[in-house]
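Structural features, examined
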Amino acid sequence: MLAKVLSSAILGVDAYLVEVEVDITSGLPAMATVGLAEGAVRESKDRVKAAVKNSGYRFPVDRITVNLAPADRKKEGSGFDLPMAVGILAATGAVVPEKLNRYVLSGELSLDARVKGVRGVLPMAVEAREKGLTGVVIPRENAAEAAVVQGIEVVGVDSLSQAVEFLNGGDAGVTPQIGSRPSEDPVPEYAVDFNEVKGQEQAKRALEVAAAGSHNVLMMGPPGSGKTMLARRLPSVLPGLSFMESLECSKIYSVMGLMPDGRGLISARPFRSPHHTISDAGLIGGGIIPRPGEVSLAHHGVLFLDELPEFKKNVLEVLRQPLEDGVVTIARASSSMTYPARFMLVAAMNPCPCGYLGDPRHPCTCQTPAVERYQARVSGPLFDRIDIQVHVPAVSYRDLSAHTAGDSSTQIRQRVETARKVQLDRFHGLPVYTNAQMGSRLIQQFCKLDPGGKTLLETAMERLGLSARGYARILKISRTIADLAGEEQIAPAHVAEAVQYRSLDRRKR
């Protein structure tokens with residue numbers, strides 16, 4: 001007696017189909033799982049046996065062999081419980097095999113046969129659509145994820161018996177839902193607003209420029225100056241996620257099991273703020289069983305590294321590839337996985353160990369060698385990859401007690417969206433969407449300076465000793481400032497403001 005059921009597994013952030021083959025033969029009662037099954041998959045035999053019995057079906061007292069094909073890829077997770085149970089019932093004749101080759105099944109079984117939620121349902125639904133299958137049979141709590149994939153049936157079940165009744169064509173008490181794209185792009189909802197920030201006009205302007213061009217930012221200032229407060233409000237001024245961006249983010253969160261309850265899509269741009277004790281695998285991704293890291297969870301959003309020098313040096317150095325390429329590649333002997341990681345890096349640090357270097361109200365107690373060692377914890381190449389470097393001074397009493405509010409996040413976001421629209425039109429047909437992504441060829445094409453701007457930039461290069469990467473960063477920031485001003489030509493004033501955002505280069509002189 002042989003039965004075949006379709007399921008899926010995750011490789012990177014995408015799914016691939018797995019054929020669950022169940023063979024029942026005469027012999028001593030045993031259940032063996034083959035096909036590079038990890039621990040959670042091998043342990044499923046006890047859950048499956050209890051679930052089948054507690055659903056009122058007969059569990060065969062024979063030798064059962066379950067093969068997960070393709071057999072050369074590792075399978076992990078508890079999502080194979082439901083297809084294995086259905087396969088056993090199909091092999092014994094309790095399930096009609098007619099629908100088994102048209103639906104993908106996934107779900108964890110409890111001992112009382114309830115179907116519990118699993119990870120990676122959204123990529124699984126996408127793969128089912130691409131393979132031309134009819135639909136998916138999944139836990140009800142995951143149905144909202146799969147329902148955003150157009151053109152497939154989404155069958156959310158609460159128990160094994162419900163899944164069996166549906167596959168047999170009976171009245172299972174479930175109504176298949178046809179997946180459809182939301183009529184409108186998700187509307188972001190934020191609990192914070194930029195008008196809550198007192199003072200810090202230069203820092204707020206720098207973050208507006210960063211948001212408009214998707215530039216990386218470093219904020220340096222004493223404790224309590226508002227660096228974290230500013231960073232947490234940056235997502236509120238970024239343009240809303242498009243449907244495709246939302247789908248990409250949601251696939252990553254689905255794989256990690258971090259989708260909000262009852263939500264099918266991530267609607268707000270992600271904001272990730274890992275602790276400085278994080279490992280390189282936690283930040284970039286990887287591990288014994290490779291998983292996306294914080295840089296991928298911040299895809300299309302903001303990665304905030306507070307107290308930047310406190311992170312381990314090797315952890316910071318692995319940021320170089322995703323900052324340049326927008327992806328993370330995890331190589332193993334048997335396979336290679338690529339995770340998306342196109343994010344805005346926002347970092348914050350104190351100027352010295354005590355935090356008060358340059359603060360007129362608090363004397364710095366650090367010796368010069370200690371300051372140099374502290375700042376040297378972050379390498380020069382990483383600093384060079386951060387476009388905007390801005391000083392955030394302590395807030396004065398006058399600013400704190402002022403009753404006037406600055407521009408709200410909505411007002412700033414409108415200006416940012418206008419600048420982003422200009423960039424989309426400029427780069428139409430190119431694999432580039434914002435000024436920060438421009439390479440050397442595009443910089444030469446779109447960042448041309450008039451004679452006054454060239455003279456100003458040449459002087460800045462000589463006085464600040466800028467590297468070639470710093471030169472390119474200034475040109476890209478100047479282009480963004482001009483876009484915010486609604487001007488096609490980059491003027492000397494735009495270059496001058498861009499130079500002001502290289503504060504670390506100025507501190508070297």
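Throughout what follows, the structure given in this document is the object of discussion. Nothing here was measured: the structure is a model prediction, and the numbers come from that model. (Residues numbered from 1 in each chain as written. Predicted model: local features only at pLDDT ≥ 70, side-chain atom pairs only at ≥ 80, totals over all residues. Heavy atoms only, no water.)

Thoughts on the nonpolar core
Formally: Among buried residues, those of type Ala, Val, Leu, Ile, Met, Phe, Trp, Tyr and Cys that are joined through side-chain atoms within 4.5 Å constitute a nonpolar core. Note on classification: 1.4 Å probe, protein chains only; a residue is buried when its accessible area is under 20% of the maximum for its type, exposed when over 50%, partly exposed between these limits. We call two residues contacting when some pair of their heavy atoms lies within 4.5 Å.
Grouped together as the largest cluster of nonpolar side chains are 51 residues, with contacts concentrated most on M219, L230, L234 and I388. Other than its neighbours up to four places away in sequence, M219 contacts K227, L230, A231, V346, A347, A348, M349, V390 and V392. Listed in part, the 43 residues of the second largest apolar core include V18, A90, Y103 and L105.

A closer look at the packing of helix α4 (residues 121-130) against helix α9 (residues 243-256)
Quick reminder of the rule: Lines fitted to C-alpha atoms define the axes here, with helix axes fitted over just the stretch in contact, and angles between the N-to-C directions of these axes take values from 0 to 180 degrees. Strands here are runs of E lasting at least two residues and helices are runs of H or I lasting at least four, both read from the DSSP assignment and numbered beginning at the N terminus. Under this scheme an angle from 65 to 115 degrees is roughly perpendicular, one under 35 degrees roughly parallel, and one over 145 degrees roughly antiparallel; angles in between are oblique. Under the scheme applied, nonpolar residues are Ala, Val, Leu, Ile, Met, Phe, Trp, Tyr, Cys and Pro; charged residues are Asp, Glu, Lys and Arg; polar residues are all the others, including Gly.
Relative to each other, α4 and α9 sit at 120°, their axes nearing to 7 Å. Looking at the two axes, α4 sits oblique to α9. Contacts between α4 and α9 pair V121, L122 and P123 from the former with L247, S250, K251, S254 and V255 from the latter. Grouping the constituent residues of the contact of α4 with α9 by class yields five nonpolar, two polar and one charged.

Describing the packing of helix α20 (residues 468-484) against helix α21 (residues 492-500)
Spelled out, the test is: Should the near helix be turned anticlockwise from the far one by less than a right angle, the crossing is left-handed, and should it be turned clockwise, the crossing is right-handed.
Packing of α20 against α21 leaves a shortest axis separation of 8 Å and a crossing angle of 125°. One finds that α20 runs oblique with respect to α21. For the crossing formed where α20 meets α21, the hand is right-handed. Between α20 and α21, the contacting residues are I474, I477, S478, I481 and A482 on the first element and H494, V495, E497, A498 and V499 on the second. Class assignment for the residues of the contact of α20 with α21 results in seven nonpolar, two polar and one charged.

Focus: α9
Rules: Multiplying one less than the number of residues by 1.5 Å gives the expected span of a helix.
Counted at 1.5 Å a residue, the expected span for α9 with its 14 residues is 20 Å, and the 20 Å between its end C-alpha atoms agrees. Listing the buried residues of α9 in full gives F243, S246, L247, C249, S250, K251, I252, Y253, S254, V255 and M256. Following α9 by one or two positions, G257 has its phi on the positive side, about 70°.

Some details on α20
The end-to-end C-alpha distance of α20, which contains 17 residues, comes to 25 Å, matching closely the 24 Å that a straight helix rising 1.5 Å per residue would cover. Of all 17 residues that make up α20, 14 are buried, and the element is covered over most of its length.

What about the packing of aromatic side chains?
Each aromatic ring pair is summarised here by two numbers: the centre-to-centre distance and the angle between the ring planes. Formally: Here a Phe, Tyr or Trp ring, Trp counted by its six-membered ring, pairs with any other such ring whose centre lies within 6.5 Å, and the pair is stacked when the planes are under 30 degrees apart, edge-to-face when over 60, and tilted otherwise. Criterion for a charge above a ring: Lys NZ or Arg CZ within 6 Å of the ring centre, and within 35 degrees of the ring normal.
Throughout the structure, instances matching the rule amount to three aromatic pairs. On the numbers, 5.5 Å between centres and 80° between planes, the contact of F427 with F446 is edge-to-face. Separated by 19 residues along the polypeptide, F427 in the loop between α17 (409-426) and α18 (440-446) and F446 in helix α18 bring together distant segments of the chain. Summarising the burial analysis for this pair, F427 and F446 share the class buried. Sitting above the plane of the F166 ring, K99 keeps its charged end 4.2 Å from the centroid.

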